[in-house]
Amino acid sequence: MFEDRELAEAVRDILENREFQRLGEINHHGKSILDHSLKVCALSWKLAGRLGWDRISAARGALLHDFFLYDWKHPRPGYGRRFYEFWKMHGFTHPGTALDNASLHFTLNPKERDIIGRHMFPLTPVPHRYKEGWLVNFCDKWVSLGEMIRF
């Protein structure tokens, strides 16, 4: 999936995880969550490397930042008429869901936890503690903007 062998090795366990692979089936900005996460991961790796920052944590956090296993644009069982309330709250709540899922399947370091759990700042009210978190936050918005323009 990645041409850079060092990046591919740093995230191999994530890419091989069956639950994570399910993200390829869920639409997100006109592509899949998996496609989106791969783009954010590659850009974060590249920029963190250029800046001399922790590119492994940046890449792993970026890959897992949207590890929620549902299509937020469609009603989920049990929401019924309350779907609109769920939809409005997705931007605020999905970082916590992604962090819960990532914690369940992987051992995360503090930087990775910060990246995943706070990537929607300022919607998530606590700002990033680490510079890699700010970097992934930027990369996520940049990639999302490009996807939305193409979509």
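Given the structure is predicted, the values throughout are model-derived calculations rather than measurements.

**With respect to the packing of aromatic side chains**
So, point 1. Using the criterion set out here, one finds four aromatic pairs in the structure.
So, point 2. Relative to F106, the ring of F67 lies with its centre 6.4 Å away and its plane at 45°, an arrangement referred to as tilted. Taken together, the residues F67 in the loop between α5 (55-64) and α6 (83-105) and F106 in the loop between α6 and α7 (110-118) connect sequence positions 39 residues apart.
So, point 3. By relative accessible area, F67 is classed as buried at 0%.
So, point 4. On the basis of relative accessibility, which here comes to 9%, the residue F106 falls in the buried class.
So, point 5. Note on F138 and W142: the rings are 6.1 Å apart at their centroids and 25° apart in plane angle, and the pair reads as stacked. Separated by four residues within a single helix, F138 and W142 lie in helix α8 (residues 131-150), roughly one turn from each other.
So, point 6. Given the relative accessible area of 46%, F138 is considered partly exposed.

Reading the values: rules and limits
- Residues numbered from 1 in each chain as written.
- Predicted model: local features only at pLDDT ≥ 70, side-chain atom pairs only at ≥ 80, totals over all residues.
- Heavy atoms only, no water.
- Phe/Tyr/Trp six-rings, centres within 6.5 Å; stacked < 30°, edge-to-face > 60°.
- Helix = DSSP H or I, 4+ residues; strand = E, 2+ residues; numbered from the N terminus.
- Buried < 20%, exposed > 50% of the residue type's maximum accessible area, 1.4 Å probe, protein only.

Honestly, it's all geometry; don't read function into it.
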